[in-house]
Amino acid sequence: KSNKLFESYLNYVKDISAINTKVDVMAGYSYQAFSNKIPVTRTYFGSTVTPMGSETVPTDDDLVQVGFYGRGIFTIADKYILTGSIRRDGTSRFYNGTDVTDNMWGTFAAASGAWKIKNENFLKDSKVFSDLKLRAGWGQTGQAEIGTWYNSFASYNYSEPGASYGFA
């Protein structure tokens, strides 16, 4: 089995004092390839053996995943934060064996906004709150983990009769 991973990103941060804004942008690329090879076995006199240095046969489990992503964070007056991100992912898991299809790629976006209420003048000197922020966001996620590589299971399952938890 092998797992190759390459991850690279660039980040740029700039304070623009003229408009009291901090800009933080990032862009990146991700590549990951999983490979599973099974040694070739031979049968000698009724016994199955795997010779040393034996050649291997690729399995159908080989997988390549590629991603391009970007994010921008804009902080205005250290009170208001706007964030946006986008990710474009591709996986060989959805390759149909004959040609590249649109099913191999997905685009996933997210956006959010936040208000740092604690930094407002009416709460700046408050002893009640050490920090107070209101945040709302929306986002999409993708899932390529189907098949035999990574089986997932529900977060909550029914308990078996007699199940108990010990306390020390």
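Per chain, the residues get numbers from 1 upward, laid out in the order the sequence is written. Restriction of local features to residues with pLDDT of at least 70 applies here, the model being predicted, together with a cutoff of 80 or more for giving and counting side-chain atom pairs; totals for whole chains, interfaces and linings are based on all residues. Just so you know, side-chain values use all the structure's heavy atoms and leave hydrogens and water out.

Notes on the sheet that holds strand β2 (residues 21-35)
- When DSSP locates at least two bridges between a pair of strands, those strands are taken to pair. The helix count covers DSSP runs of H or I at least four residues long, the strand count covers runs of E at least two residues long, and both are numbered beginning at the N terminus. Strand order in the open sheet formed by six strands is β1-β2-β7-β8-β9-β10, with antiparallel pairing between adjacent strands. The open sheet is flanked by β1 (2-16) and β10 (134-139), the only strands paired with a single partner. Strand-to-strand, the axes of this sheet are offset by a mean angle of 10 degrees, without reference to chain direction.
- Relative to strand β9 (residues 105-115), strand β8 (residues 80-91) runs antiparallel, the two being bridged by eleven bridges. Across the sheet, Arg 88 pairs through a bridge with Thr 107, a residue of β9. Whenever a helix is involved, its axis is fitted only over the stretch in contact; in every case the axis is a line through C-alpha atoms, and angles between N-to-C directions fall within 0 to 180 degrees.

A look at unusual backbone geometry
- A positive phi angle, near 50 degrees, is found at Asn 20, a position not held by glycine.
- As for its position among the elements, Asn 20 is in the loop between β1 and β2.
- Of note, the phi angle at Asp 78 is positive, near 55 degrees, even though the residue is not glycine.
- Take Asp 78: it is sitting in the loop between β7 (63-76) and β8.
- Relative accessibility thresholds used throughout: buried, under 20% of the residue-type maximum; exposed, over 50%; partly exposed, between the two (1.4 Å probe, protein chains only). By relative accessible area, Asp 78 is classed as partly exposed at 43%.

What to know about the environment of Gln 65
- Residue placement: Gln 65 occurs in strand β7.
- A C-alpha to C-alpha distance of 7.9 Å links Gln 65 and Ser 30, two positions 35 residues apart in sequence.

What to know about a nonpolar patch on the surface
- Side chains of Tyr 12, Val 25, Phe 74, Ile 76, Tyr 80, Leu 82, Trp 115, Phe 122 and Leu 134 sit close together on the surface and give an oily, nonpolar patch of about 850 Å² of accessible area.
- Owing to a relative accessible area of 35%, Phe 74 belongs among the partly exposed residues under this scheme. Surface patches are defined over residues having more than 30% relative accessible area and no salt bridge, joining like charges when they lie within 9 Å and nonpolar side chains (Val, Leu, Ile, Met, Phe, Trp, Tyr) when within 5 Å. Each accessible area is a Shrake-Rupley result for a 1.4 Å probe, and residues are judged covered by the shown protein chains and nothing else. By definition here, a salt bridge exists when the distance from a side-chain nitrogen of Lys or Arg to a carboxyl oxygen of Asp or Glu is within 4 Å.

Observations concerning the pairing of β1
- The pairing of β1 with β2 spans 15 bridges and is antiparallel. Each bridged residue has a counterpart across the sheet, and for Ile 16 the counterpart in β2 is Thr 21.
- If you look at the hairpin formed by β1 and β2, you'll find four residues sitting between the two strands, and Asn 20 has a positive phi there, around 50 degrees.

Considering the packing of aromatic side chains
- Pairing of aromatic rings covers Phe, Tyr and the six-membered ring of Trp, with a centre-to-centre limit of 6.5 Å; geometry is then stacked below 30 degrees between planes, edge-to-face above 60, and tilted otherwise. Inspection of every chain in the model, using the stated rule, returns three aromatic pairs.
- Taking the centre distance of 6.2 Å and the plane angle of 50 degrees together, the rings of Phe 6 and Tyr 29 count as tilted. Residue Phe 6 is located in strand β1, and its partner Tyr 29 is located in strand β2; the two are separated by 23 residues in the primary sequence.
- Note on Phe 6: relative accessible area 45%, which makes it partly exposed.
- Note on Phe 68 and Trp 105: the rings are 6.4 Å apart at their centroids and 20 degrees apart in plane angle, and the pair reads as stacked. Of the two residues, Phe 68 is situated in strand β7 and Trp 105 in strand β9; the sequence distance between them amounts to 37 residues.
- Its relative accessible area of 41% is what places Phe 68 among the partly exposed residues.
- Through successive ring pairs, a cluster of aromatic residues spans Phe 6, Tyr 29, Phe 68 and Trp 105.

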